[in-house]
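# Examining the three-dimensional arrangement
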Number of protein chains: 2
Amino acid sequence: MELYDCQMAPNPRRARIFIAEKHLDIKTNEISIIEGENLKEDYLKINPWGLLPSLVVDENTVISEVPSIFLYLESMHPEPNLLGNDLLETVNIQSWERFSEMNGMQAVGEFFRNQAEPLANRGMPGFSGVAQVPELVGRGKKRAEWYYSQLNDRLGKSAYVAGKRYTAADITALCVVDFGKAVGLPFEAGCTNISRWYDEVSKRPSSKM
Amino acid sequence: MELYDCQMAPNPRRARIFIAEKHLDIKTNEISIIEGENLKEDYLKINPWGLLPSLVVDENTVISEVPSIFLYLESMHPEPNLLGNDLLETVNIQSWERFSEMNGMQAVGEFFRNQAEPLANRGMPGFSGVAQVPELVGRGKKRAEWYYSQLNDRLGKSAYVAGKRYTAADITALCVVDFGKAVGLPFEAGCTNISRWYDEVSKRPSSKM
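Residues numbered from 1 in each chain as written. Chains lettered and ligands numbered in written order. Predicted model: local features only at pLDDT ≥ 70, side-chain atom pairs only at ≥ 80, totals over all residues.

This part is about the interface of chain B and chain A. At the junction of the two partners, chain B supplies 25 residues and chain A supplies 26 residues. Secondary-structure elements contributing two or more residues to the side of chain B that touches chain A are β4 (61-63), α3 (66-76), α4 (87-113) and α5 (135-157) of chain B. Among the elements that take part in the side of chain B that touches chain A, α4 of chain B stands out by supplying 7 residues, more than any other. Looking at side-chain class alone, the side of chain B that touches chain A contains 13 nonpolar, 6 polar and 6 charged residues. (Contact = placed C-beta atoms within 7 Å. Helix = DSSP H or I, 4+ residues; strand = E, 2+ residues; numbered from the N terminus. Nonpolar A, V, L, I, M, F, W, Y, C, P; charged D, E, K, R; others polar.)

Structure follows, in structure tokens:
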């Protein structure tokens, strides 16, 4: 099993943290998105859409969607449980994990991708040729602020994103928050609930991944 | 159990078709997105983010992400199987279902939402206040054409989207294709593999939902 990874990218980091929480040792191969290695022939043989991460399970199976990588690894290595111990917990974690992806990761992503110089013709992840749209910098900022406000409300009522314990929903939220910090779109100081949660989850060894 | 639905919207349709394939009888409540009913107080009590569909399971549980609605219904009503009979099939169906959502549904969605008059201040699903971005009409078209080309390639190698049988991945792809047709962004006549598949899946009684 091998993970095709990109150290600076937030979606591969979701997989790296999940793997670290499971105490798994999986070989990684670094592919630079900034240098466009993800769109070159060698990598397109692994993942024809040029997306990262990809988990190569064997010669017949490549998993390249993060929620599917989570599901595969959890099924093969159930402990510690990160995706839910029963149906309602599983549904709840999946919904909150997805909430951070659709509203947080995509928001910070459009803020970043539509202004970053090396991504001039890559306004969307993966396949190239989509021009940057400058208006999406502001839209991404507005959406990210909405996301942070909702996350802050949630963490005022709940110790962790999906409930009383650390799960995959915290992994994706942490990757969004650190991505936002890295690209100049951090949560505001008034988001004290995010701050409390962020300090705690950032202490976990997996967060160094 | 009740489904909050919107007849003209493609994401609630994913849930409606899934429910029909399971032969379930679930009460539905119509919420008009065009008239903004999804952003009014009554509905925000059900789903504070104003998104559709929502499956109200009981007074404590509302599921408002389509993949989570799929997972809940499949777990409670396993037959006919739509999400996979073993781990690798489950991962494969999940990946293809998500492929259509992220690349197809979001592409046609941005084409439509950024020009439709009634959605002038609702350039994103749910919470209002995000202005339309005219450049996204063209970007959505380009992304949708890329999606159709990939779907056509896939259906040249595979009877159904995720493999040899009808699954949730076909439901989401069908909802994308019909959404594209409805808003003036249909697949091109040259996509003969999509056409062959589309004719077949459209004959299923569930497609009338």
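Now that the structure has been shown, we can carry on.
This part takes up the sheet that holds β4 of chain B. To summarise the sheet geometry, strands pair through backbone hydrogen bonds and adopt either a parallel or an antiparallel arrangement. Residue and element names in this part refer to chain B. Taken in spatial order, the 4 strands line up as β2-β1-β3-β4 in an open sheet, and their pairing is mixed. Unpaired on one side and paired on the other, β2 (27-30) and β4 mark the two borders of the sheet. Within this sheet the neighbouring strands show an average axis-to-axis angle of 25 degrees, counted without direction. Sheet topology places strand β1 (residues 2-5) next to β2; 4 bridges connect them, and they run parallel. For Tyr4, the partnering residue across the bridge sits in β2 and is Asn29. (Pairing = 2+ DSSP bridges. Axes fitted to C-alpha atoms, helices over the stretch in contact; angles between N-to-C directions.)

We now examine the domain arrangement of chain A. Residues and elements named next belong to chain A. Taken domain by domain, chain A comprises domain 1 (2-76) and domain 2 (87-208). For domain 1 and domain 2, the distance between their C-alpha centres works out to 19 Å. Contact residues are listed per partner, giving 13 residues for domain 1 and 15 residues for domain 2. Among the elements that take part in the side of domain 1 that touches domain 2, helix α1 (residues 10-21) stands out by supplying 7 residues, more than any other. For the side of domain 1 that touches domain 2, the residue count by class is 9 nonpolar, 1 polar and 3 charged. (Domains from an automatic or database assignment.)

As a further point, take α4 of chain B. Taking 1.5 Å of rise per residue, the 27 residues of α4 of chain B would be expected to cover 39 Å, and the 36 Å separating its terminal C-alpha atoms lies within 8% of that figure. With 22 of 27 residues buried, α4 of chain B is to be regarded as a mostly interior element. (Expected span 1.5 Å × (residues − 1). Buried ≥ 20, exposed ≤ 12 C-beta atoms within 10 Å, placed from the backbone.)

Bringing the environment of Thr61 of chain A into the picture now. Residue and element names in this part refer to chain A. Residue position: Thr61 is located in strand β4 (residues 61-63). A tally of 13 C-beta atoms within 10 Å means that Thr61 is categorised as partly exposed. Spatially, the C-alpha atom of Thr61 lies 35 Å from that of Arg143, the residues being 82 residues apart in sequence.

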